[in-house]
Amino acid sequence: MLLLNASGCLDAMTAPPVARSLDAYVTKTITPLPREGNPPVRIAETEHGMLNAIGLANPGRDRFLVTVLPRLRELGVPIWVSVGGFSAAEYAETCAALEGVTIELNLSCPNVDEAPESAAEIVSACRAATALPLYAKLSPAAWDVAESARAVEAAGADGLSLVNTIRGLALDDRTLAPTLARGTGGYSGPALKPIALAAVYACAHATALPIVGMGGVRSGRDALDLIAAGASAVALGTILFADPDAPARVRSELDAECSARGYAAPSDARAIAHEAHAHAS
Ligand SMILES: Cc1cc2nc3c(=O)[nH]c(=O)nc-3n(C[C@H](O)[C@H](O)[C@H](O)COP(=O)(O)O)c2cc1C
């Protein structure tokens, strides 16, 4: 079973051993031009999860390609580059400039104004620009995420990353003003897990694409749930801020969960929820 980090949740340069303990390292989203991101406050803790409004702070494509990517390659793990942009052409230009990586298209950041084109149009433009594996990262806030999944599959995506954060708001205790400077932010962590499971379940039913499941994973059992819903890989996000050793722990908990349930490998549990549902109904 493949274990990855979720984009934006692990800085491989400050924690290379954590990055090396993963089956692939996913970068923070890269945009064509450098971005400072949103002004602080950009992070807020809430009862059941975390809100962030980082706003795609990144060094920009050119500096990433020249200074960051070569150092990431030295980690010795496969690299996934998260690509963002403000038009389909911007996404496609970055895709065309990449080689030797998997591409994750961030089609769903809640903290910036979205590209005007649809997810499928962006995937089509990127498909025409590169032969590299293309994963489409979708928002759980789509009215029908399975419909978006079918559309990006038809447009040439090789896989899905599910899910990105969902928009949320926290108010300051004293002033009752929004805690984050931007107002709203992306909600991640434990509360996202049932939402992620529903998205993975629906998309595994709707498409044949491999799925990286993420959203609120803290334990091996959480990872197993996403696999049972149809994911073939699992990514760790918010948990990495509290527990940088989570990859090794989640991996061993997942193995223990699997042996306790009689699975020789986590992949044996893949999509089992769909069969169990068919038998139960
Ligand atoms: C601080 C922070 C920064 C993030 N930055 C990105 C990003 O740059 N690109 C992206 O596609 N997702 C980004 N995400 C979303 C995560 O990759 C992931 O989809 C989401 O947090 C759900 O997983 P989790 O509940 O395990 O954190 C970010 C999440 C957090 C908490």
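Higher on the page you've got the structure.
Residues numbered from 1 in each chain as written. Predicted model: local features only at pLDDT ≥ 70, side-chain atom pairs only at ≥ 80, totals over all residues.

### A short note on the overall build of the chain
When its secondary structure is counted, the chain shows 10 helices and 12 strands. In terms of overall size, the chain behaves like a compact globule, its C-alpha atoms giving a radius of gyration of 18 Å where 281 residues would be expected to give roughly 19 Å. Along the three orthogonal principal directions, the C-alpha set of the chain runs to about 50 × 50 × 40 Å. Relative to its full complement of 281 residues, the chain shows a buried share of 48%. Residue pairs in contact within the chain that sit at least 24 positions apart in sequence constitute 68% of those at least 6 positions apart. (Helix = DSSP H or I, 4+ residues; strand = E, 2+ residues; numbered from the N terminus. Rg over C-alpha atoms; globule rule 2.2 N^0.38 Å. Buried ≥ 20, exposed ≤ 12 C-beta atoms within 10 Å, placed from the backbone. Contact = placed C-beta atoms within 7 Å.)

### A closer look at the packing of helix α6 (residues 193-206) against helix α7 (residues 220-229)
At a closest axis distance of 8 Å, the pairing of α6 and α7 adopts a crossing angle of 25°. Between α6 and α7, the crossing angle belongs to the class labelled roughly parallel. Packed against α6, whose contacting residues are Lys-193, Ala-196, Leu-197, Val-200, Tyr-201 and Ala-204, the element α7 presents Asp-222, Asp-225, Leu-226 and Ala-229 at the interface. Of the residues contributing to the contact of α6 with α7, the split by class is seven nonpolar, no polar and three charged. (Axes fitted to C-alpha atoms, helices over the stretch in contact; angles between N-to-C directions. Parallel < 35°, antiparallel > 145°, perpendicular 65-115°, else oblique. Nonpolar A, V, L, I, M, F, W, Y, C, P; charged D, E, K, R; others polar.)

### Describing helix α5 (residues 145-154)
What sets the pattern is the α-helix's 3.6 residues per turn: residues three or four places apart point alike. Of the positions making up α5, those classed as buried are Val-145, Ser-148, Ala-149, Ala-151, Val-152 and Glu-153. If you follow the buried residues of α5, they end up packed against α4 (119-129), β7 (134-137), β8 (159-162) and α6. Residue Gly-156 follows α5 closely and has a positive phi angle near 110°.

### Looking at the pairing of strand β10 (residues 184-188)
Of all five residues making up β10, four are buried, and the element is well covered by its neighbours. Summarising the sheet, strand β9 (residues 166-169) and β10 pair through four bridges and their orientation is antiparallel. Residue pairing for β10: Leu-169 is matched across the bridge by Thr-184. (Pairing = 2+ DSSP bridges.)

### Observations regarding the site of the ligand
Not every one of the 26 residues close to the ligand is listed here, only the nearest: Ala-6, Gly-8, Ser-188, Gly-237 and Thr-238. Looking at the shell around the ligand, its residues break down into 10 nonpolar, 14 polar and two charged. (Near = placed C-beta within 6 Å.)

### A look at the packing of α7 against helix α9 (residues 246-260)
Interaxial distance between α7 and α9 falls to 7 Å at its minimum, and their mutual angle equals 65°. On the basis of the axis angle, α7 is roughly perpendicular to α9. Remark: the crossing between α7 and α9 carries right-handed chirality. Contacts between α7 and α9 involve Gly-220, Arg-221, Ala-223 and Leu-224 on the former and, on the latter, Val-250, Glu-253, Leu-254, Ala-256 and Glu-257. (Left-handed = near helix turned anticlockwise from the far one by under 90°.)

### Concerning unusual backbone geometry
With an omega dihedral of 5°, the bond running from Pro-40 to Val-41 counts as a cis peptide bond. Following the sequence through the fold, Val-41 ends up in the loop between β2 (25-26) and β3 (43-45). Positive phi, normally seen in glycine, also occurs at Leu-56, with a value near 60°. Assignment of secondary structure puts Leu-56 in the loop between β4 (50-52) and α2 (61-73). Judged by local crowding, Leu-56 falls into the buried class, with 21 C-beta atoms found within 10 Å. Unusually for a residue other than glycine, Ala-271 sits at a positive phi of about 65°. Using a count of 19 C-beta atoms within 10 Å as the deciding quantity, one classes Ala-271 as partly exposed.

### Thoughts on the nonpolar core
Counting 83 residues, the largest nonpolar core has Leu-105, Val-123, Cys-126, Ala-136, Val-200, Leu-226 and Val-234 as the members making the most contacts within it. Setting aside residues no more than four positions away along its own chain, Val-200 makes contact with Leu-162, Ile-211, Gly-213, Leu-226, Ala-229, Gly-230 and Ala-231. (Core = buried A, V, L, I, M, F, W, Y, C linked by C-beta atoms within 7 Å.)

### A word on the sheet that holds strand β5 (residues 79-83)
Spatial ordering of the open sheet is given by β1-β12-β11-β8-β7-β6-β5-β2, a layout of eight strands whose pairing is parallel. A single partner strand is all that each edge strand has here, and the edge strands are β1 (2-5) and β2. In the sheet, β8 pairs with strand β11 (residues 211-213) via three bridges, with the strands oriented parallel. For Leu-162, the partnering residue across the bridge sits in β11 and is Gly-213.

### Observations regarding the pairing of strand β6 (residues 102-106)
Counted residue by residue, β6 has four buried out of five residues, so it is predominantly covered. For β5 and β6, the ladder comprises four bridges, and the chain directions are parallel. Paired with Ser-82 across the two strands is Glu-104, which belongs to β6. Following the backbone out of β5, through helix α3 (residues 88-97) and into the adjacent parallel β6, one traces a crossover that is right-handed. (Right-handed = clockwise from strand over helix to strand, strands pointing away.)

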